[in-house]
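Overview (structure and organization)
Here is what each chain is made of, one letter per residue.
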Amino acid sequence: MLAVPDMGLQGLYIGSSPERSPVPSPPGSPRTQESCGIAPLTPSQSPKPEARAPQHAPFSVVVAIDFGTTSSGYAFSFASDPEAIHMMRKWEGGDPGVAHQKTPTCLLLTPEGAFHSFGYTARDYYHDLDPEEARDWLYFEKFKMKIHSATDLTLKTQLEAVNGKKMPALEVFAHALRFFKEHALQELREQCPSLPEKDTVRWVLTVPAIWKQPAKQFMREAAYLAGLVSREDAGQLLIALEPEAASVYCRKLRLHQLLDLSSRAPGGGRLGERRSIDSSFRQAREQLRRSRHSRTFLVESGVGELWAEMQAGDRYVVADCGGGTVDLTVHQLEQPHGTLKELYKASGGPYGAVGVDLAFEQLLGRIFGEDFITTFKRQRPAAWVDLTIAFEARKRTAGPHRAGALNISLPFSFIDFYRKQRGHNVETALRRSSVNFVKWSSQGMLRMSCEAMNELFQPTVSGIIQHIEALLARPEVQGVKLLFLVGGFAESAVLQHAVQTALGARGLRVVVPHDVGLTILKGAVLFGQAPGVVRVRRSPLTYGVGVLNRFVAGRHPPEKLLVRDGRRWCTDVFERFVAAEQSVALGEEVRRSYCPARPGQRRVLINLYCCAAEDARFITDPGVRKCGALSLELEPSDGASPGRREIRAAMQFGDTEIKVTAVDVSTNRSVRAAIDFLSN
């Protein structure tokens, strides 16, 4: 059976006894006017996907950028010594008592919209501006999650600065990425003056695993705009999924580099009182001594001691608790090469450390009035930033067994602005409010009890635990005994204690790497050196296209019947490429062939649809939506093949991004192919 794209009722059909045809869908169908109606050349039953080993261009250095919600940083390693990971320089500025191996995700632009600074420099400069002058500057912070939460993300999506002014989100992200590019390249030139810049750097950008394809494409577009790589060298940039990067790094760790929360001293010791997990795996070590060859192979392959003690098929969960999200992934260790297999699609939600900040803001609203807090943020944006910095410092000291109260400084401008707006002072507001666990201290600060601070954590921490418990209840995840807690928020003693209390009782061993806040960044570097380490992933959604099949009475709904030239067709049939939760190997291809509708056609555009269900039948079913378009850019035909022109497309769903390549069968030349998820 052969069929071709359709351009209205004049579409050309070739072949006999067809199962499908390029007949257009009736009016009201989800198809768009600019799209060609498409019928694949391949049969209804999808051919067995073909695995092909991915090819990677040579490079001299890998630079990974961990672009976080609250903090960001970069690290790199040279191909000549891939496991020697170099952290970025210590950042200028910073907060007392806080390690500065990352910098706040804060961007400052001039009133004209030009780049001024990023990170601590941006935050401190904005802090020192005159309040009236600060109202004209564009200061962005914690803006990463706006990309995840946007339901209609496009290249024109706007972000709002602290002062309320807006600018294109793509430009905001590009400014930030350009800063990291220039900072990293300058450090590379100083360390290795002979290193050529062009084509020698493989860049890696980290994103949450729960991000959908539009958000991943958005980050790639921002990287193009920032000049990290060109579209022609798209393979020079890798998108790494944050919990995967953490998993890749954890598999390299030695036992003494891990902390076992189940070994916390009775009554809940401080962070330094936990012991490493060397003794926790004595039984596994004894078992694997009987298979010394397997263990030796793993260690020689670069897998850490912990993984060498594990057996083939062992499963574990990585919970990436960051500033904006909790991101969960489940991996199975494969021997003999130590590759990883994803057992269940990535899951999680918006339960990051910023949830605690939001709870604090709501608490201030209860005390001083929500309308006042809104006005203060708008008219004194720099002072609001000062207040959030003060809260962040105290938030880091919160713990489940802390005894003393915490003092939080209120900026003078807050106190003064409140008196002018309300006619009385903040101390009076505290006495009048219904919040009895926050007092006014004699030092002129908010004095909050430890119980009150811990309560601010509870909504976010509960959301994280509920997501982990829901994941562990899945049949695909049965048998998991190990949970790695990673990400910046995993440094919190409140979160660590809550997770261990809730999950330790069910026999789950909760483990935290020593450098928990840098786990993803270091893992992204390792991922850039060996992208094939995650061999199998699970598709988060079902993807496919809309086609037309021969109408079968009793099987197809009558309203889907379309008659053309005496033939009866069923419209809007959802032809599936890959199903939700389906295991897809890296390099595995789904192939389809298409024909242009008319001679001389230069472009074929095919709508893609997706849904969470595995058994959708039609593109009009509830939950099925248009999510993107496959574009094939055709070179002019040389006229040597007067018959049909076949374009064979190969799609890969087993990588961190959905990829497509295409070839003109008649000439065996590559066809420019792309999938656009941002044009809806």
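This one's a predicted model, so the numbers in the text were calculated from it and none came from an experiment. (Residues numbered from 1 in each chain as written. Predicted model: local features only at pLDDT ≥ 70, side-chain atom pairs only at ≥ 80, totals over all residues. Heavy atoms only, no water.)

1. Here's the deal with the packing of helix H12 (residues 381-395) against helix H15 (residues 450-472)
At a minimum axis distance of 12 Å, the contact between H12 and H15 shows a crossing angle of 95°. Compared by their axis directions, H12 and H15 come out roughly perpendicular. Across from Phe391, Arg394 and Lys395 in H12, the residues of H15 making contact are Met453, Leu456 and Phe457. (Axes fitted to C-alpha atoms, helices over the stretch in contact; angles between N-to-C directions. Helix = DSSP H or I, 4+ residues; strand = E, 2+ residues; numbered from the N terminus. Parallel < 35°, antiparallel > 145°, perpendicular 65-115°, else oblique. Contact = heavy atoms within 4.5 Å.)

2. What to know about the sheet that holds strand E22 (residues 534-538)
Spatially, E13-E21-E20-E14-E15-E16-E22-E26 is the arrangement adopted by the 8 strands of the open sheet, whose pairing is mixed. Each having just a single partner strand, strand E13 (258-260) and strand E26 (583-585) make up the two edges of the open sheet. Between one strand axis and the next, the sheet turns through 30° on average, direction left out of account. Pairing between strand E14 (residues 315-321) and strand E20 (residues 482-486): 4 bridges, direction parallel. By the bridge assignment, Ala319 is partnered in E20 with Leu485. Sheet contacts for H15: E14, strand E15 (326-334), strand E16 (339-349) and E20; angle to E15, the most-contacted strand, approximately 35°. (Pairing = 2+ DSSP bridges.)

3. Notes on the side chain of Lys181
Relative to the elements of secondary structure, Lys181 occurs in helix H4 (residues 169-191). Classification of Lys181 as buried rests on a relative accessible area of 17%. In terms of polar contacts, Lys181 uses its side chain to reach the backbone carbonyl oxygen of Gly227, at 2.9 Å. (Buried < 20%, exposed > 50% of the residue type's maximum accessible area, 1.4 Å probe, protein only. Polar contact = N/O pair within 3.5 Å; in protein donor to acceptor, adjacent residues only side chain to side chain.)

4. Concerning the environment of Glu132
Within the secondary structure, Glu132 is located in helix H2 (residues 131-134). Here the alpha-carbon distance between Glu132 and Gln379, two residues 247 residues apart in the chain, equals 8.4 Å.

5. Re the packing of aromatic side chains
Aromatic rings considered in pairs are described by the distance between their centres and by the relative angle of their planes. With the rule as written, the count across this model stands at 26 aromatic pairs. Ring centres of Tyr125 and Trp137 lie 5.5 Å apart, and the angle between their planes is 50°; this geometry places the pair in the tilted category. With Tyr125 in helix H1 (residues 120-128) and Trp137 in the loop between H2 and strand E8 (138-141), this residue pair connects regions lying 12 residues apart in the sequence. Members of the aromatic cluster, joined through ring pairs, are Phe368, Phe372, Phe376, Phe414, Phe417 and Tyr418. The cationic tip of Lys144 hangs over the ring face of Trp211; the distance from NZ or CZ to the ring centre is 5.6 Å. (Phe/Tyr/Trp six-rings, centres within 6.5 Å; stacked < 30°, edge-to-face > 60°. Lys NZ or Arg CZ within 6 Å of the ring centre and 35° of its normal.)

6. Comments concerning the confidence of the model for the chain
Per-residue confidence for the chain averages 82 on the pLDDT scale, and 81% of its residues sit at or above 70. Across residues 1-50 the pLDDT falls below 50, and counting only partners more than four positions away or on other chains, this stretch makes 150 contacts in the model. When the criterion is pLDDT under 50, residues 265-302 qualifies, and its contacts beyond four places in sequence or with other chains add up to 57 contacts. (pLDDT = per-residue confidence, 0-100.)

7. Here's the deal with the pairing of strand E3 (residues 71-78)
With respect to burial, E3 is a largely interior element, 7 of its 8 residues being buried. Summarising the sheet, strand E2 (residues 61-67) and E3 pair through 7 bridges and their orientation is antiparallel. Following the sheet pairing, Val61 is matched in E3 by Phe78. Where E2 folds back on E3, the antiparallel hairpin that results is connected by 3 residues.

8. Focus on the packing of helix H11 (residues 370-379) against helix H13 (residues 412-422)
Working note: a packed helix pair is described by the angle between its axes plus the distance between those axes. It is the contact of H11 with H13, at a shortest axis distance of 11 Å, that shows an interaxial angle of 125°. On the basis of their axis angle, the class for H11 and H13 is oblique. When you trace H11 past H13, the crossing you get is right-handed. In contact with Asp371, Phe372, Ile373, Thr375, Phe376 and Gln379 of H11, H13 contributes Ser413, Phe414, Phe417, Tyr418, Gln421 and Arg422. For the contact of H11 with H13, a count of residues per class yields 6 nonpolar, 4 polar and 2 charged. (Left-handed = near helix turned anticlockwise from the far one by under 90°. Nonpolar A, V, L, I, M, F, W, Y, C, P; charged D, E, K, R; others polar.)

9. Topic: the environment of Thr121
Within the secondary structure layout, Thr121 lies in helix H1. For the pair Thr121 and Pro104, spaced 17 residues apart in the sequence, the C-alpha separation amounts to 9.3 Å.

10. A look at the pattern of salt bridges
Within the structure shown, the criterion is met by 33 salt bridges. A salt bridge links Arg135 to Glu132; the shortest N-O distance between them is 3.3 Å. In this structure, the salt-bridge partner of Glu334 is Arg535, at a minimum N-O distance of 2.7 Å. Of the two residues, Glu334 is situated in strand E15 and Arg535 in strand E22; the sequence distance between them amounts to 201 residues. Residue classification places Glu334 among the buried residues on the basis of a relative accessible area of 14%. A residue is classified by how much of its surface remains accessible, and Arg535, at 36% relative accessible area, is partly exposed. Through salt bridges with shared partners, one network takes in Lys142, Asp357, Glu392, Lys395, Arg396 and Glu491. (Salt bridge = Lys/Arg side-chain N within 4 Å of Asp/Glu carboxyl O.)

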